[in-house]
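# Structural characterization, general
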Amino acid sequence: MKIAICLRRVPDTTTKIVVGAGGTAIDETGVKFVPNPYDEYALEAAIALKDAAGAGETVVVALGGDAVQETLRTALAMGVDRAVHLQGTPSADGLANARVLADHLKDGGYDLVLFGKLAVDDYGQQVGAMVAELLGVPCATAITSLAVEGGRAKVTREVEGGVEAAECALPAVLTCDKGLNTPRLPSLKGIMAAKKKPLDIVPVTVPAGQVTVVSLALPPERAAGKILGEGAAAVPALVAALTSDAKVL
Amino acid sequence: MAGSSEFTGVDFYDVDALLSEEERAVRDTVRQWVDDALMPVIGDCYIEGRFPKQLIPGMAELGLFGANLPEEYGCAGLNNVAYGLIMQELERGDSGIRSFASVQGALVMYPIYAFGSEAQKQHWLPKLAAGQEIGCFGLTEPDYGSNPGGMITTARETADGWVLNGTKMWITNGSQATVSIIWAKTGDIDDPKSVRGFIVPTNTPGFTAKDQKGKLSLRASDTSELHLQDVHVPKDALLPNSGGMKSPLMCLTQARYGIAWGGVGAAMACYDEARRYAGNRIMFGKPIGATQIQQERLADMLTEITKGQLLALQLGRLKDQGKATPARVSLAKRNNVNMATEIAREARRLLGGNGILVEYHSMRHMANLESVYTYEGTHDMHSLILGQEITGLAAY
Amino acid sequence: MANVLAVLEQRNGALRKGAAELLAAARQLADQLGGSVDALVCGSGAVAGTESLGAHGADRVLTATDAAFAQYAPEAIVATVKGLGAYGAVLIAATATGKDLAPRLAAAMGAACGMDVTAVSAAGGAIRVVRPVYAGKAIQTLDLAGTPVVAVRPGAYAAVQAGKAGAVEAVTVPAFSARLMVTGITAPERASLDVAEARVVVAGGRGLGEPQHFALLEQLAAAFGGEAAVGASRAVVDAGWIGHGAQVGQTGKTVAPELYIAVGVSGAIQHLAGMRTAKVIVAINRDKDAPIFKVADYGIVGDLFEIVPALTEAVAKAKQ
């Protein structure tokens, strides 16, 4: 089985967000960057599928600046066979990035291209499905189970009020959600071996997109709490607050 | 998932920038493993006095045993800074779990690697790395702790091998070990130069191990008494290149090196807990972290951790150059463990009443660290080692 | 002047909840663009709820009928939308299905895609969207040029009564290549939602008085329709009223739901450690000085045995 995994480098989810000087992006000072957690489900699925097939190749691909190479090596340390760094500046437009990825992947002869369902920085949740559309192959997103057999993939995903089952022929693009598997930690031997695995650098030009970032801002400060009233009589006020103000109902 | 560790470390002087990418990756993997696998069970294990042996396969799979030994023997082949970071992160979890790894790697695998025949290395090292064999290090005796050269365990040569007699005490992993490294006198009982090392499988007739009960420290670790009663071993049980006290002491130097890093890990855990608590605990209408006394506590902790980190890192770099002399290791072990015991105690105090509950970690670390202060060369012994190094005069 | 298309989701021949809210967003945007609102409904037969779309702001209701729409058929929907001609923007509700559909549509149309937005407006020739990023720790504003696809977060807009014609028009489903075969939707196993994963957590403490009163909280959780889990303070777990899996706090689970409702929980520091990063915290306690009120966004003081049933009823009604 030949499987590609598309990987993003993102700030660790415990990062305290500070808006940078330009007002459109975070201040990266002191920020720890890690592989996108949802991509780890994709990496684990790819490594496990290739191991089960007994033959094949897993290739991890990332678009970005040189800092992304360290993230690629983390994937190699997990057990992926080789890495490709598409060297270029990603666009704020997911479709522009998807075009670059699709262009690189189309001649790779991949049975599967796996993504994480979304990246925990921009929450774009689009590039995987866009790549599938550009490649003209089947796509299922946010999968929570995967079985590959006889050139077909059987998946499930969570929808409101239930679990949706689907299947498609390979080659296909799938995006992976929490619950698909438990990603392995890079072993120490894996970390040492990663340095020796191939990491190819391919310069790319990311096309101009249709998206401009106008601003990035912190949410309004949590206002001091208020006691809305006493007893059951206060319930309508609570429900109204939860619906209109907090927007969680 | 292998995503975010809840513990994000302590790094006030950007020591991370002094580490290589691999060293950071090693540290991050162990940090995540401790959060995922160890932290959920350690409180119960500590209270029950039980080592979480179900974690051994996972530790082996990650490659935590003998990580700085060569790849050809099934080990990870890491440098010594990476090895130290492993110990730091394990001890951030619990000193007992780090003790397990220290014994397996530095006190069992290392002596086989340093003093063993090629056949012994090929036979034992891969299995120990894989956690298929568990080892223990039999040096200390009931009456010979700080003075191991006075040991009275004997190894008498026979027609086809050796027969060992004696008792060892305070042996980590003893009761669960499948193999032991026993140090015994092959010559005159008063001649420490006759001490040699032996690989003794623990199922050899005459060998018994029994856990020592009633410990108030290192409760999530097996600490055992070993008894050897006419234990017959073949000729090839001898570690051929061992000879004199230098051999076991070289092993101890390896372990002490790891412990210097471990102290930093325990201190980080306690400081991190204290810092968070100080921010959350409201008293007299404000967080206790807004009071001068607690701020001074935290400032002292951060200072000592930062010093200890830099000490351990430079020691690691020296070790990789072959320049980590026993005295240099003594200085770091002595300092980093002592500062950790103080940080643990001060953190426990900052936590107030909650600090005596096992759901908070500082008191568990505080109790553990008393053992770490005492073993692998007591604090006082390291003072004398340094004293001799400085003055040229032995004051033991 | 540009029109807005709202692609509505249906399941088993009925429009999914949220159609009216999506139309409200579409209506507001269309008014800013000086255009009209088309609502697209793809079904395998008649779809219940179609008749009310005019009242909620649709100028036209386009119905596309094909056997494929008995299940989610993304390629068919994309082909249908592409066949409709140009719009200033295409809006979809950011449900699980909507978030699957939106990027496919965007790529097929060469359009930008704004996902999970809480506000959409016209801004000088572009479509401006506001959306949470970094797990809600920051808010991003984007301008999308061209004719973007926008997935609108459910609940971000309230339905309006906008009395439009809602004239129904059948549209053809062009030829399409079905690549993904959805075989059906099954109800999830009756395994209860993990307290650490639920969007809403209803937690109980000593104030409940007796173990059987946890049933009150189960009813409140059920009123949220499958997205709420029941949690507990350590005191009641230790007392055996509920399993350890529900425990929130220092030695239990750390949770960060969108809504945390603490019922009869005093708010000891060990408990707070497990839930203080919840987006919205509600406290119900008869002691107005209970520490929990210091971290709660909203609180009600009083008898939980009166308050919780009233709240359960109000939530169930709001969710209809």
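Within each chain, residue numbers correspond to sequence positions counted from 1 in written order. Each chain takes a letter, starting from A, and each ligand takes a number, starting from 1, following the order in which they are written. Reporting in this predicted model follows two pLDDT cut-offs: at least 70 for local features of residues, and 80 or more for side-chain atom pairs to be given and counted; totals over whole chains, interfaces and linings ignore these cut-offs and use all residues. Side-chain metrics in this entry use all non-hydrogen atoms of the structure; hydrogen atoms and water are not considered.

By definition, residues are in contact when any of their heavy atoms lie within 4.5 Å. Between chain A and chain C, the residue contacts involve 70 residues of the former and 76 residues of the latter. In this assembly, chain A packs against chain C so that about 5,900 Å² is buried in total across both faces, 58% of it on carbon and sulfur atoms. Every case where a carboxyl oxygen of Asp or Glu lies within 4 Å of a side-chain nitrogen of Lys or Arg is listed as a salt bridge. Where chain A meets chain C, there are two salt bridges. One salt bridge in this structure joins Asp-100 of chain C and Arg-157 of chain A, with 3.7 Å as the shortest N-O distance. Helix and strand assignments follow DSSP, with helices taken as H or I runs no shorter than four residues and strands as E runs no shorter than two, numbered in order from the N terminus. Those elements giving two or more residues to the side of chain A that touches chain C turn out to be α3 (94-105), α4 (127-135), β7 (139-149), β8 (152-159), β9 (162-169), β12 (211-217), β13 (226-230) and α6 (235-245) of chain A. The residue inventory of the side of chain A that touches chain C, partitioned by class, reads 37 nonpolar, 16 polar and 17 charged. In this structure, β9 of chain A lies alongside strand β13 (residues 181-186) of chain C, joined through five bridges in antiparallel fashion. Bridging across to β13 of chain C, Glu-164 of chain A finds its partner in Ile-185 of chain C. Note on definitions: buried area is the accessible-area loss of two parts on being combined, 1.4 Å probe, summed for both. Under this grouping Gly is polar, as are all residues other than the nonpolar Ala, Val, Leu, Ile, Met, Phe, Trp, Tyr, Cys and Pro and the charged Asp, Glu, Lys and Arg. When DSSP finds two or more bridges between a pair of strands, those strands are recorded as paired.

Residues and elements named next belong to chain B. A helix is expected to span 1.5 Å multiplied by its residue count minus one. With 14 residues, helix α3 (residues 80-93) should cover 20 Å at 1.5 Å per step; its first-to-last C-alpha distance of 20 Å lies within 8% of that length. With respect to burial, α3 is a largely interior element, 14 of its 14 residues being buried. For α3, the N-terminal capping position is held by Asn-79, with its side-chain oxygen 3.2 Å away from the main-chain nitrogen of Val-81. Think of it in three bands: residues with accessible area under 20% of the maximum for their type are buried, residues over 50% are exposed, and the middle band is partly exposed, with areas taken using a 1.4 Å probe on protein chains only. Contacts described as polar in this section are N or O atom pairs within 3.5 Å, which, within protein, must combine one atom able to donate a hydrogen with one able to accept it, while residues neighboring in sequence count only if both atoms come from side chains.

This part takes up the nonpolar core. Counting residues in each nonpolar core, the largest one holds 172 residues, and the members touching the most others are Trp-33, Ile-86 and Leu-90 of chain B. The element that contributes the greatest number of residues to this core is helix α4 (residues 95-115) of chain B, accounting for 11 residues. Other than its neighbours up to four places away in sequence, Trp-33 of chain B contacts Leu-185 of chain A together with Leu-38, Leu-55, Gly-58, Met-59, Leu-62 and Leu-90 of chain B. The nonpolar core is taken to be a set of buried Ala, Val, Leu, Ile, Met, Phe, Trp, Tyr and Cys residues, with the residues joined through side-chain atoms within 4.5 Å. Of all hydrophobic cores here, the second largest spans 40 residues; its members include Ala-246 of chain A together with Ala-232, Ala-246 and Ile-261 of chain C.

Stacked, tilted and edge-to-face are the three classes assigned to paired rings of Phe, Tyr and Trp, where Trp is represented by its six-membered ring and a pair needs centres within 6.5 Å; plane angles under 30 degrees give stacked, over 60 edge-to-face, the rest tilted. Summed over the entire model, instances satisfying the criterion amount to 11 aromatic pairs over all chains. On the numbers, 5.7 Å between centres and 90° between planes, the contact of Tyr-277 of chain B with Tyr-360 of chain B is edge-to-face. Within this pair, whereas Tyr-277 of chain B is found in helix α6 (residues 246-280), its partner Tyr-360 of chain B is found in the loop between α8 (326-350) and α9 (362-374), the two being separated by 83 residues in sequence. Classification of Tyr-277 of chain B as buried rests on a relative accessible area of 5%. An aromatic cluster of three or more residues is present, and its members are Tyr-110, Phe-115, Phe-137 and Trp-183 of chain B. Throughout this description, the term charge over a ring refers to an Arg CZ or Lys NZ atom that lies within 6 Å of the ring centre and within 35 degrees of the ring normal. Sitting over the ring of Tyr-110 of chain A, Lys-2 of chain A keeps its end group 5.0 Å from the ring centre. Directly above the aromatic system of Tyr-113 of chain B lies the positively charged group of Lys-121 of chain B, at a separation of 5.4 Å from the ring centroid.

Between chain A and chain B, the contact holds 20 residues from the first and 27 residues from the second. Counting the surface lost from both chain A and chain B, the interface buries some 1,900 Å², and carbon and sulfur atoms represent 60% of this. Taken together, chain A and chain B are joined by five salt bridges. When contributions to the side of chain A that touches chain B are tallied by element, the ones reaching two or more residues are α1 (37-53), α2 (68-78) and α5 (188-194) of chain A. Of the residues forming the side of chain A that touches chain B, the biggest block, four residues, is contributed by α5 of chain A.

This brings us to the confidence of the model for chain B. How sure the predictor is of each residue is captured by pLDDT, a score from 0 to 100. Summing up the model confidence of chain B, the mean pLDDT is 96 and the portion of residues at 70 or higher is 99%. Across the predicted assembly, pTM comes out at 0.91 and ipTM at 0.94.

As a further point, take the pattern of salt bridges. Scanning the entire structure with this criterion turns up 48 salt bridges over all chains. Asp-177 of chain A serves as the salt-bridge partner of Lys-117 of chain A, at 3.2 Å between the closest nitrogen and oxygen. Of the two residues, Lys-117 of chain A sits in the loop between β6 (112-116) and α4 while Asp-177 of chain A sits in the loop between β10 (172-176) and α5, which places them 60 residues apart along the sequence. Both residues of the pair, Lys-117 of chain A and Asp-177 of chain A, count as buried. One network of salt bridges, with partners in common, ties together Arg-157 and Glu-164 of chain A together with Glu-75, Asp-100 and Arg-104 of chain C.

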